[in-house]
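Working through the structure, step by step
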Amino acid sequence: MNLARLDLNLLVALDALLQERSVTRAAERMGLGQPAVSAQLGRLRRHFHDDLLTRAGNQYRLTPLAVQLKERVRIALSGAERVFAAEPDFDPASSTREFSMLMSDYGIAVLGPGIAARLAEEAPGTRLRFPANTPKMVDAAVHELVHTDLLVIPHGFVDDLPHEDLHRDEWVCLVAAGNTGVGESLTVAQLETMPWVVTYHGPTASTPAARQMRMLGIEPHVQVITETFLTVPGLVAGTNRVALLQRRLADGIPDALGVRALPCPFEATPLVEAMWWHPMYDDDPEHRYLRDVVRRTVAAVIGIDGVDAPLRRK
């Protein structure tokens, strides 16, 4: 295909149309008139030999081809934006770049405020985005990291990508303060009989500690599933449930919430949080700056002593 014959502005129109599923809303998003966007949709239909959008009552639906194109277009558009936004020398103070970091609410709670504060001070014109973190996105990390700067996640989910270890954390068991069936400690037998609150429960979605527990033959009786760590304490409070939680989060839970943290009755390997990125950004000056911001934030928020081993890069 000869790209010189294509109008790459159609990529912007295609993205807006697939995201909005409406010519009117796509036109508003692009700041163009509806006739202009309708004309662009016509050109796109002729190019792909596909309707892309089909009417269903008062709404439009994506055709099967359009569904396939939706994520590809986002990746292509993001790549094009990065190409034309590149500068020979990166100056944080004058940059208007948007940085994106894919991380759980645990990661955002621990590091997000510090990273945001450092960027606001050093690079006030930049923006920081935390996209929603889902198991599907983690499973497709190589593709997601084409248009997302960093993935912050523990080891065990991503392989064969550049990364640096950031900090370690311990796992604790969370129970209700008023749970009289639990004393000053838990037993493995109690973990096998108590109802559980679990996070990211699925074939490829689980915490490292939960996976380790199952490998030891401890199969939890799952009663509640949540995909956010910050909701775990509220789902444990006032019940006979138990949950695994990172100690840094557990230490910040107010006493008034009515939960308490106990040591795990099995040897839970510490969580090692790391940042991962696509190798094409190894030498990108903007990306190197963001990685340095994250490193300095970890040192300031957690401290060098909070990392049990020196930072490692693969």
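Everything numeric here is computed off the predicted structure, so don't read it as measured data. (Residues numbered from 1 in each chain as written. Predicted model: local features only at pLDDT ≥ 70, side-chain atom pairs only at ≥ 80, totals over all residues. Heavy atoms only, no water.)

1. Details of the packing of helix 2 (residues 23-30) against helix 3 (residues 34-48)
Direction vectors running N to C along helix 2 and helix 3 enclose 110°, while the axes themselves pass 9 Å from each other. Accordingly, the angle class assigned to the pair helix 2 and helix 3 is roughly perpendicular. Relative to helix 3, helix 2 is oriented so that their crossing is right-handed. On the side of helix 2, the interface is formed by Val23, Thr24, Ala26, Ala27 and Met30, while helix 3 contributes Gln34, Val37, Ser38, Gln40 and Leu41. Considered class by class, the residues forming the contact of helix 2 with helix 3 number six nonpolar, four polar and no charged. (Axes fitted to C-alpha atoms, helices over the stretch in contact; angles between N-to-C directions. Helix = DSSP H or I, 4+ residues; strand = E, 2+ residues; numbered from the N terminus. Parallel < 35°, antiparallel > 145°, perpendicular 65-115°, else oblique. Left-handed = near helix turned anticlockwise from the far one by under 90°. Contact = heavy atoms within 4.5 Å. Nonpolar A, V, L, I, M, F, W, Y, C, P; charged D, E, K, R; others polar.)

2. Here we look at unusual backbone geometry
In this structure, Arg21 takes a positive phi of about 55° despite not being glycine. Summarising the element assignment, Arg21 is placed in the loop between helix 1 (9-20) and helix 2. Overall, the relative accessible area of 36% leaves Arg21 in the partly exposed class. With a phi close to 60°, Asp160 is a non-glycine residue in the positive phi region. (Buried < 20%, exposed > 50% of the residue type's maximum accessible area, 1.4 Å probe, protein only.)

3. Points about the pairing of strand 2 (residues 59-62)
Here four bridges tie strand 1 (residues 53-56) to strand 2, and the two strands are oriented antiparallel to one another. Counterpart to Arg55 in the pairing with strand 2 is Tyr60. The hairpin formed by strand 1 and strand 2 contains two residues between the paired strands, and Gly57 there has a positive phi angle of roughly 70°. (Pairing = 2+ DSSP bridges.)

4. Observations concerning the layout of surface pockets
Reported here for the largest pocket is a volume of approximately 1,200 Å³. Together, 36 residues line the largest pocket, and Arg74, Ser78, Arg129, His147 and Thr148 are the ones closest to its centre. When contributions to the lining of the largest pocket are tallied by element, the ones reaching two or more residues are helix 1, helix 4 (64-85), strand 3 (98-103), strand 4 (127-129), helix 6 (135-139) and helix 7 (141-147). Here the lining of the largest pocket gets 12 residues from one element, more than from any other, and that element is helix 4. Among the residues making up the lining of the largest pocket, the classes are represented as eight nonpolar, 10 polar and 18 charged. (1 Å grid on protein atoms, 1.4 Å probe; cavity = no way out; pocket = protein on both sides within 12 Å on 5 of 7 lines; lining within 4 Å. Points joined across faces, edges and corners; volume = space filled by probe spheres on them.)

5. Some remarks on the packing of aromatic side chains
The final tally for this structure, using the stated rule, is three aromatic pairs. Taken together, a centroid distance of 5.4 Å and an interplanar angle of 55° make the contact between Phe90 and Tyr289 tilted. Taken as a pair, Phe90 in the loop between helix 4 and strand 3 and Tyr289 in helix 12 (residues 285-301) lie far apart in primary sequence, 199 residues in all. When its relative accessible area of 16% is taken as the criterion, Phe90 is described as buried. Relative accessible area serves as the criterion here: at 11%, Tyr289 is assigned to the buried category. With a centroid separation of 6.4 Å and an interplanar angle of 45°, the aromatic rings of Phe99 and Tyr289 are classed as tilted. Taken together, the residues span a long stretch of sequence, with Phe99 in strand 3 and Tyr289 in helix 12 at a distance of 190 residues. Comparing Phe99 with Tyr289, the two get one shared label, buried. Joined through ring pairs, the aromatic side chains of Phe90, Phe99 and Tyr289 make up one cluster. Positioned above the aromatic ring of Trp277 is the side chain of Arg291, whose terminal nitrogen or guanidinium carbon lies 4.4 Å from the ring centre. (Phe/Tyr/Trp six-rings, centres within 6.5 Å; stacked < 30°, edge-to-face > 60°. Lys NZ or Arg CZ within 6 Å of the ring centre and 35° of its normal.)

6. Some points on the sheet that holds strand 7 (residues 171-176)
A sheet is described by the order of its strands in space; here five strands give the open sequence 9-8-10-7-11, paired in mixed fashion. The sheet is open, and its two borders are formed by strand 9 (221-226) and strand 11 (259-263), each paired with just one other strand. In this sheet, neighbouring strand axes are inclined to one another by 35° on average, regardless of whether the strands run parallel or antiparallel. One ladder, built from five bridges, connects strand 8 (residues 195-199) with strand 9; its direction is parallel. Among the inter-strand pairings, Thr199 is bridged to a residue of strand 9, identified as Thr226.

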